[in-house]
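Inside the fold
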Protein chains: 2
Amino acid sequence: MREFDLLKHVYAANSTLHPRVTIPPGDDMGMVSIDGRDVLVAVDQLIDGVHVRIESTPIELVGRKAIARSLSDIAAMAGRPVASLASVVLPKDLDEPVALRLFESMRWTASEFGCPLMGGDVAVHRAPQHPLTCSVTVLAEPVPPGPVRRDGARPGDRVYVTGRLGGSYSADGSGRHLAFQPRLAEALQLLHDLETRLHAMIDLSDGLGRDASHLAEMSNVTITLDADQIPCAPGCSWRQALGDGEDYELCFTATGPVPSRLGNVEITEVGEVIEAADGDDTAIRVREGQRVIAVGHLGWQHQT
Amino acid sequence: MREFDLLKHVYAANSTLHPRVTIPPGDDMGMVSIDGRDVLVAVDQLIDGVHVRIESTPIELVGRKAIARSLSDIAAMAGRPVASLASVVLPKDLDEPVALRLFESMRWTASEFGCPLMGGDVAVHRAPQHPLTCSVTVLAEPVPPGPVRRDGARPGDRVYVTGRLGGSYSADGSGRHLAFQPRLAEALQLLHDLETRLHAMIDLSDGLGRDASHLAEMSNVTITLDADQIPCAPGCSWRQALGDGEDYELCFTATGPVPSRLGNVEITEVGEVIEAADGDDTAIRVREGQRVIAVGHLGWQHQT
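Criteria and cut-off values
Residues numbered from 1 in each chain as written. Chains lettered and ligands numbered in written order. Predicted model: local features only at pLDDT ≥ 70, side-chain atom pairs only at ≥ 80, totals over all residues. Heavy atoms only, no water. Pairing = 2+ DSSP bridges. Helix = DSSP H or I, 4+ residues; strand = E, 2+ residues; numbered from the N terminus. Axes fitted to C-alpha atoms, helices over the stretch in contact; angles between N-to-C directions. Contact = heavy atoms within 4.5 Å. Expected span 1.5 Å × (residues − 1). Buried < 20%, exposed > 50% of the residue type's maximum accessible area, 1.4 Å probe, protein only. Phe/Tyr/Trp six-rings, centres within 6.5 Å; stacked < 30°, edge-to-face > 60°. Least-squares fit on C-alpha atoms with pLDDT ≥ 70 in both. pLDDT = per-residue confidence, 0-100. Parallel < 35°, antiparallel > 145°, perpendicular 65-115°, else oblique. Left-handed = near helix turned anticlockwise from the far one by under 90°. Salt bridge = Lys/Arg side-chain N within 4 Å of Asp/Glu carboxyl O. Buried area = accessible area lost by both parts, 1.4 Å probe. Polar contact = N/O pair within 3.5 Å; in protein donor to acceptor, adjacent residues only side chain to side chain. Nonpolar A, V, L, I, M, F, W, Y, C, P; charged D, E, K, R; others polar.

This next bit is on the sheet that holds strand β4 (residues 80-90) of chain B. Residue and element names in this part refer to chain B. Within the open sheet, the six strands sit side by side as β1-β2-β3-β6-β4-β5. Their pairing is mixed. The strands lining the two open edges of the sheet, one partner per strand, are β1 (21-23) and β5 (117-124). The average undirected angle you get between the axes of adjacent strands in this sheet is 25 degrees. Two strands pair when backbone bridges link them, and β4 and strand β6 (residues 133-141) are joined in this way by nine bridges, in the antiparallel orientation. The residue bridging valine 89 from the neighbouring strand is threonine 133, located in β6. Sheet strands in contact with helix α3 (residues 96-112) are β4, β5 and β6, and its direction is about 170 degrees off that of β4.

As C-alpha cells, this is what we get:
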C-alpha cells in the first residue's frame, strides 16, 4: 500500500471541504482561517521500525527527529513556527526514565526552533513488542507573500535544492536523518530575498525524485533534472541522491537570481520547469548526458 | 506507568513555557495566541488494544470514536470546532478497502460535528501484529466568556454531570464508548445560559472519580460527591459510574440555577465544591449515607 496513493484516495472525496480550509490536503501543511486569521497546521509521525530503530538509536535522537520532521514541513511552506503538540504511544516495557528523556528531547528541540511543545497525549501499548509511535502536530503562521505552496511552479522556473542529498538514512543509530537542521531560517530568508519570485517549495523526505514529482504534479508541469548537477552527499551516486529520501532539505522553484548559499547552506540549481506535454503525465525527467530518463519510481517510500 | 503522572512529570519542567501559550498543558485543550487571536488545540489517540479492539469492532465505529474523543475535548472547553487532522499508523496486513472505510468514517464524523478533516498523515507498521493507532488533532475557537477551564472551580459551586455514567466500555464491539455524542452543543448552550457562572468543566474519559479529581486538583479545592445522586447507566452501581470511564459526558461546576436538561440530555447535580482543608490533599470525597469515602483510586485508567 502506497501511503501517498492512499492519502490521495482519502482526500479525493474531500472536494467539498469546508470553505474555512484555505489550503486543502496535498501540501506540506494545511491552512485554515480562524476568525479571519490564517493558521498553518500539519502532523507527521515517527514510528519505530519505519523511520527509526529505537534499539540502536539514542532516545534523545529519536525525540529530536520526531519534532524536526514536522518542523521541516513548516520550512517547506516558509512559515514561522508557533507551537507544537506530541502524541506518543510508548512500548509497554519502556522504562520511565527513557520515556522522560524522549519527552525532554522533544521539548528541547521544539523550543530550540521556536515551536514550544504546548501539550499532547501519552498512552502505553498493551504488548511489549508494539512499537513506539510519536505523532507531532505543528502550528505556524504564514509569512507574506507566503505561504509557499507546492502548486506554484511555472514553466521557465529554475529548480533548486539546499544542502547535499543521499545516504541520510541508516538503521544503525547514525546518519543525517537523526541530526538534520530543519531549514526554517533558510526558507524565511529565501522568501524575504526572492519574495514573489519564489514560486513553489517542498521538503525532501521521500527523495528528490518522488518529492519533485509531487511538486510537478501539483503544479501541472514537468520538471527536468540534470543528473550531474544534483549535489550528492559524500559517497553517493546521483541515483542515491535522487532516491534515498530522509534528507529534509528544501526543493524550490524560482525565477531570477538565487543566492548560491545562505549562511553555510549551499543552494544548487538542479533543473528547470517545463510545460507538461499534452497527454503525457510524466512529472519528472532526468538528463544524464544525452540520455533523458523518465523517473518517479526512484523516489523512496518507507517500507510498507 | 500512569499516563497522567508521566504527563505531569513531562510538563513540570515546562514552567518556562513561551508567553504565546495562553493555556498550558494540563487542561482538555491548550490555547495559543496566533497574531493576537486565541486558538484552542488538542490531540488525542485511539489505539487498538487500549481504547478499542478492531478485530471485534466495525471499522467505521473505530474511526468515529477516534474523532469523537477529540471532539469531546473541545466540548470540555465549551469551544467551537474549527478543523481536525488525523495521523494514522495502519497494521501491515490491513486491507486497503478497510483503511479507506476507516478514513471515510473519520472524515464523515468530523464533518458532521463541524470540524472538517483538513489533513493528516498515513503510515504503515512494519509487522502485521503492530496495532492500529489514530492520533487526532483538533483546532477550536474559544467562545466568550470561555474557554471554560479545569481550574476555575470555587468553594460553594455545585457539581453537575450530563447523561448517565458507567458501563460504557466493552471490548466486544458494542457499548456507548463507540457511539457517544460529543457534548459540543450542550457545552455551548451551558456557556450561553450560565455565562460567567459556569466556572470549570472537564469531559469524562477516565471516570468521574478520576476526572473530578483532576478538576479539583487544578482548582485547589475538594469535591464532595453524593453517591446516591450519581446518574448511573442501566445496570451500573455508583462505583461503576464513578470508576468505569469512557463516558465522554461533561462534568462542570457552577453557581446559581442550572437547567435539569438540555434537549434530551439530562443534567444532574452530583455534589459540591468545598475548600481544601489545610494539609489535606484529598481531591474527592464520596458521601454514601453517613459514610464519607476518600476516593481517586476508583478512577479508571487505560490498561498499562
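Residues and elements named next belong to chain B. Here helix α5 (residues 208-219) is 12 residues long and its end C-alpha atoms lie 16 Å apart, about the 16 Å a rise of 1.5 Å per residue gives. Judged by how many residues are buried, α5 sits mostly within the fold: 10 of 12 residues are covered. Asparagine 220 occupies a position one or two residues after α5 and carries a positive phi of about 55 degrees.

Before going further, it helps to examine unusual backbone geometry. Note the cis peptide between proline 144 of chain A and proline 145 of chain A, where omega equals 5 degrees. Relative to the helices and strands, proline 145 of chain A is located in the loop between β6 (133-141) and β7 (158-162).

All right, on to the packing of aromatic side chains then. Applying the stated criterion across every chain, the model contains four aromatic pairs over all chains. Taken together, a centroid distance of 5.2 Å and an interplanar angle of 15 degrees make the contact between tyrosine 160 of chain A and phenylalanine 252 of chain A stacked. Remark: phenylalanine 252 of chain A occurs in strand β10 (residues 250-254) and tyrosine 160 of chain A occurs in strand β7; sequence separation between them is 92 residues. Owing to a relative accessible area of 6%, tyrosine 160 of chain A belongs among the buried residues under this scheme. Of the residues examined, phenylalanine 252 of chain A reaches a relative accessible area of 0% and is grouped as buried. Consider the rings of phenylalanine 180 of chain B and tyrosine 248 of chain B, whose centres lie 4.1 Å apart with planes at 20 degrees: the pair is stacked. Residue phenylalanine 180 of chain B is found in the loop between β7 (158-162) and α4 (184-194), and its partner tyrosine 248 of chain B is found in the loop between α6 (238-243) and β10 (250-254); the two are separated by 68 residues along the sequence. A relative accessible area of 1% places tyrosine 248 of chain B in the buried class.

Before going further, it helps to spend a moment on the relation of the copies chain A and chain B. With an RMSD of 0.0 Å, the fit of chain A onto chain B corresponds to turning through 180 degrees and sliding 0.0 Å along the axis. On this basis, the relationship between the two copies can be described by a two-fold rotation axis. Of the C-alpha atoms belonging to chain A, the one lying closest to the rotation axis is found on histidine 130 of chain A, 2.7 Å away. A share of 100% of interface residues in chain A that are also interface residues in chain B marks the association as one of identical surfaces.

Detailed conclusions should not be drawn from predicted coordinates in areas where pLDDT is low. All names here are of chain A. Looking at chain A as a whole, its pLDDT mean stands at 91, while 91% of the residues score no less than 70. Low pLDDT (under 50) marks residues 297-304, which in the prediction has 30 contacts with non-local residues, meaning those over four places away or in another chain. For this predicted complex, the interface score ipTM comes out at 0.91, while the overall pTM is 0.93.

On to the packing of helix α2 (residues 59-76) of chain B against α3 of chain B. All names here are of chain B. Interaxial distance between α2 and α3 falls to 8 Å at its minimum, and their mutual angle equals 40 degrees. Considering their axes alone, α2 and α3 lie oblique with respect to each other. In this structure, α2 meets α3 at a crossing whose hand is right-handed. Of the residues in α3, those touching α2 at Ile59, Glu60, Val62, Gly63, Arg64, Ala66 and Ile67 are Val98, Arg101, Leu102, Ser105, Met106, Thr109 and Ala110.

All names here are of chain A. Throughout the structure, instances matching the rule amount to 34 salt bridges over all chains. Residue glutamate 104 pairs with arginine 107 through a salt bridge whose shortest N-O separation is 2.9 Å. Taken as a pair, glutamate 104 and arginine 107 lie in helix α3 (residues 96-112) at a separation of three residues, close to a single helical turn. Accessibility expressed as a relative area gives 14% for arginine 107, which makes it buried. Here arginine 291 and glutamate 288 are joined by a salt bridge, their closest N and O atoms 2.6 Å apart. The partly exposed category is assigned to arginine 291, whose relative accessible area is 47%. Through salt bridges with shared partners, a single network forms among Asp27, Asp28, Arg149, Arg150 and Asp151.

Tallying the contact residues gives 72 residues for chain A and 73 residues for chain B. When the two sides are added together, the surface that chain A and chain B hide from each other amounts to roughly 6,200 Å², 65% of it contributed by carbon and sulfur. Counting the contacts that link chain A with chain B gives 17 residue pairs in polar contact (both at pLDDT 80 or more). Sorting the residues of the side of chain A that touches chain B by element identifies α1 (3-12), β1 (21-23), β2 (30-34), β3 (37-47), β4 (80-90), α3, β5 (117-124) and β6 of chain A as the ones contributing at least two each. When its residues are assigned to classes, the side of chain A that touches chain B shows 40 nonpolar, 18 polar and 14 charged.

Residues and elements named next belong to chain B. Here α4 has its buried residues at Leu184, Glu186, Ala187, Leu190, Leu191 and Leu194. Along its buried surface, α4 packs onto α2, β4, β8 (198-203), β10, β11 (261-262) and β12 (265-275). With its phi angle positive at about 50 degrees, glutamate 195 sits one or two positions after the end of α4.

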